[in-house]
Amino acid sequence: MIDVAIFASGTGSNFYNLATNPELKNLINIRCLVCDNPKASVIEKAKLLNIETLIVNPKNFDSKIDYEKYILENIEDVKYIFLAGYMRIISPYFLGKFKGKIVNIHPSLLPLYKGKDSIKRAFEDKVEFIGISIHYVNEEVDGGQILAQDKFRVDYKLSLDEVTQKVHELEHRLYPKNIIKILTDN
Ligand code: GRF
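Scope of this entry: the structure provided in the associated data block.

As for helix α4 (residues 64-75)
Consideration 1: Compared with an ideal rise of 1.5 Å per residue, which puts 12 residues at 16 Å, α4 spans 17 Å between its outermost C-alpha atoms and is within 8% of the ideal.
Consideration 2: Turning to α4, its buried residues number three or more, namely Y67, E68, I71, L72 and I75. Along the long axis of α4, the arc covered by the buried residues comes to 135°, so they all point the same way.
Consideration 3: Those residues of α4 that are buried are in contact with β1 (2-8), β2 (28-35), β3 (53-55), β4 (80-83) and α5 (92-97).

So this is what it looks like as structure tokens:
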């Protein structure tokens, strides 16, 4: 079993999907969920699944480095970190401790629509395809080597919510599959 941590800040549908994926269950041990938002509903999901949760509010730390050092102390021996809606930029200091071992999922066809509200921005631009990307994390926001992408043609008869739902379905199919690939290839 490979020890991993999942970082999330919000709803946690990707977290839940990873934690309950039958194939991943045989491969990874989710040592903990790291959550920077004490109000996030992902925390409830982790409790439901009996997964240890490290709730770390950055406001309680003097600096970003102190905040990250505290997280590092708690996850030192994990082999991989999977970001699933973690809304913070990871510092070069932290990245240095997990070189090539941090993976993120982003709801756009990177390098397009980096940052927040990607689905909404793409939808408002009436792009032909909306998609998702799974990528290694580096110093750039939503930068880093892309590992996998997938997309669908947008039907503009659907609402933004409906399209968002389709994006999440794609994420839920692709993230576990690609994590399994990363873990078995390395
Ligand atoms: C997902 O769209 C993910 O790609 C992005 O943040 C969102 C998190 O959704 N990074 P959820 O909290 O997993 O439901």
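A short note on the packing of aromatic side chains
Consideration 1: Under the counting rule described, the total for this entry stands at eight aromatic pairs.
Consideration 2: Taken together, a centroid distance of 5.8 Å and an interplanar angle of 0° make the contact between Y80 and F82 stacked.
Consideration 3: Y80 sits in the buried class, given a relative accessible area of 6%.
Consideration 4: Note on F94 and F98: the rings are 5.8 Å apart at their centroids and 20° apart in plane angle, and the pair reads as stacked. F98 carries the same exposure label as F94, and that label is buried.
Consideration 5: Among the aromatic residues, ring-to-ring pairing joins F7, Y86, F94 and F98 into one connected group.
Consideration 6: The ring of F129 has K151 sitting right over it, with the charged end atom 4.4 Å from the ring centre.

Quick word on the layout of surface pockets
Consideration 1: Taken as a whole, the largest pocket holds about 920 Å³ of empty space.
Consideration 2: As for the largest pocket, its lining consists of 35 residues, of which G85, Y86, M87, H106 and P107 are closest to the centre.
Consideration 3: Looking at the lining of the largest pocket, the elements with two or more residues in it are α1 (13-19), β5 (102-106), α6 (118-124) and α7 (160-185).
Consideration 4: Its residues assigned to classes, the lining of the largest pocket comprises 12 nonpolar, 15 polar and eight charged.

Brief notes about the pattern of salt bridges
Consideration 1: Summed over all chains, the structure comprises eight salt bridges.
Consideration 2: Of the charged contacts in the structure, one is a salt bridge between R88 and D36, with a shortest N-O distance of 2.6 Å. Of the two residues, R88 is situated in the loop between β4 and α5 and D36 in the loop between β2 and α3 (42-48); the sequence distance between them amounts to 52 residues.
Consideration 3: Looking at D36, the relative accessible area reads 6%, which means it is buried.

Thresholds, definitions, all that
- Residues numbered from 1 in each chain as written.
- Predicted model: local features only at pLDDT ≥ 70, side-chain atom pairs only at ≥ 80, totals over all residues.
- Heavy atoms only, no water.
- Helix = DSSP H or I, 4+ residues; strand = E, 2+ residues; numbered from the N terminus.
- Expected span 1.5 Å × (residues − 1).
- Buried < 20%, exposed > 50% of the residue type's maximum accessible area, 1.4 Å probe, protein only.
- Arc of directions from axis to C-beta.
- Contact = heavy atoms within 4.5 Å.
- Phe/Tyr/Trp six-rings, centres within 6.5 Å; stacked < 30°, edge-to-face > 60°.
- Lys NZ or Arg CZ within 6 Å of the ring centre and 35° of its normal.
- 1 Å grid on protein atoms, 1.4 Å probe; cavity = no way out; pocket = protein on both sides within 12 Å on 5 of 7 lines; lining within 4 Å.
- Points joined across faces, edges and corners; volume = space filled by probe spheres on them.
- Nonpolar A, V, L, I, M, F, W, Y, C, P; charged D, E, K, R; others polar.
- Salt bridge = Lys/Arg side-chain N within 4 Å of Asp/Glu carboxyl O.

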